[in-house]
Amino acid sequence: MTEPDYPITDWDDAYTNGAYIDGAEAYPDRWAVEAAQFRAELQQDGRAEIDMSYGPEPRNKLDLFLPVGSPKGLVVFVHGGYWKAFDKSFWSHLARGAVDGGFAVAMPSYTLAPEARLTRIGREVAAAIVKASDRVAGPIRLAGHSAGGHLVSRMVSEHSPLAVPVRERVNNVVSISGVHDLRPLMLTEMNAILAIDEEEAYRESPALLRPLAGTRLLAWVGGRERPEFLRQSRILPELWDGFGVETEFHVDEATHHFDVIDGLARRDSPLTQALLTSF
């Protein structure tokens, strides 16, 4: 685990991941290929519904992957990319672990920055969860990576954009390398795209909000991540634990920001087990 160097003077470097990962440039192509293969496999079996609309915007689409037999419940995975990159098509293969475990998995795209600010993106993700919940009965588990970790944590924070009847079905949230305090991002160059101001940072940062009663949240982070991501993951359980909800912080020692999610593709991985069962 890399030791942090505080106080941080270069916030752009603190939130840079690819420059510190060997072969980082190859990951997006690999993700896209594995995701396409998984979609084709489940479409051939009649267990994939692709590009289901959940709202009026062009990127308001989700893919729904179904297990063999009746689903035990619903998992929703929200992708990362600093709210400004990627879409659902890169991540389909990460549904395999939960699908093999008997759950349906929804993966939404959402409008990206700068077209949408984070508050609007959160509302879109909430709408996607509601749409998927209409199709699949039972408990709901939320998982998100990086920016997606922020978004799923936001769903169980006070003033959640998620409709109450659906929110009450959410019984486990796994934030993987999540960004839970938005204030440091205001000091980065990418904020020219994100346009986070102090009001939005305080309104949309899960670490600065109370968790909803009954929340169960696991913050999962790679041990080889940038120190700032370790801090961002650690602070949410520490702060929320004081409100009487169930939280846990876990460091996956051998992984970095790009491969920390790989376990979701395997039913028997510790990450998938943590998502599908109690921690």
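Note that the structure is predicted; figures quoted are calculated from it, not measured.

Conventions we followed
Residues numbered from 1 in each chain as written. Predicted model: local features only at pLDDT ≥ 70, side-chain atom pairs only at ≥ 80, totals over all residues. Heavy atoms only, no water. Salt bridge = Lys/Arg side-chain N within 4 Å of Asp/Glu carboxyl O. Helix = DSSP H or I, 4+ residues; strand = E, 2+ residues; numbered from the N terminus. Core = buried A, V, L, I, M, F, W, Y, C linked by side-chain atoms within 4.5 Å. Buried < 20%, exposed > 50% of the residue type's maximum accessible area, 1.4 Å probe, protein only. Contact = heavy atoms within 4.5 Å. Polar contact = N/O pair within 3.5 Å; in protein donor to acceptor, adjacent residues only side chain to side chain. Phe/Tyr/Trp six-rings, centres within 6.5 Å; stacked < 30°, edge-to-face > 60°. Lys NZ or Arg CZ within 6 Å of the ring centre and 35° of its normal.

Participant: In this structure, what is going on with the pattern of salt bridges? I would like to understand it.
Facilitator: Note on pairing: side chains with opposite charge can pair once their charged atoms come close. Taken as a whole, this structure holds 20 salt bridges when the rule is applied. As a salt-bridge pair, E34 and R30 come within 3.5 Å of each other at their nearest N and O atoms. On the criterion of helical spacing, the pair formed by E34 and R30 is a turn pair, its members being four residues apart in helix α2 (residues 27–44). Through salt bridges with shared partners, a single network forms among R117, R154, D197, E199, E200, R203 and E204.

Participant: How should the nonpolar core be read in this particular structure?
Facilitator: Note on soluble globular proteins: their nonpolar side chains tend to be buried together. In terms of nonpolar packing, the biggest core is built from 53 residues, with L74, W83, L142 and L185 touching the most fellow members. For L74, the contacting residues outside a window of four places in its chain are L64, F103, A104, A106, A132, S133, V136, P139, I140 and R141. One finds I21, F103, I176 and W220 within the second-largest nonpolar core, a separate group that totals 31 residues.

Participant: I'm lost on the side chain of S133 in this one. Help?
Facilitator: Within the secondary structure layout, S133 lies in helix α4 (residues 118–135). Polar contacts involving the side chain of S133 include one to the main-chain carbonyl oxygen of V130, which spans 2.7 Å. Setting aside chain neighbours within four positions, we find S133 in contact with L74, I140, V166 and R169.

Participant: Is there a simple way to think about the packing of aromatic side chains in this case?
Facilitator: For any pair of aromatic rings, geometry is given as the distance between the ring centres together with the angle between the planes. Summed over all chains, the structure comprises 12 aromatic pairs. Consider the rings of Y15 and F229, whose centres lie 5.6 Å apart with planes at 70°: the pair is edge-to-face. Of this pair, Y15 sits in the loop between α1 (11–14) and α2 while F229 sits in helix α9 (residues 227–240), placing them 214 residues apart in sequence. Relative accessible area serves as the criterion here: at 2%, Y15 is assigned to the buried category. The class for F229 is buried, based on a relative accessible area of 0%. Linked through ring pairs, Y27, W31, F86, F90, W91 and F258 together constitute an aromatic cluster. When the ring centre of Y20 is taken as origin, the NZ or CZ atom of R226, which lies over that ring, is 3.8 Å away.

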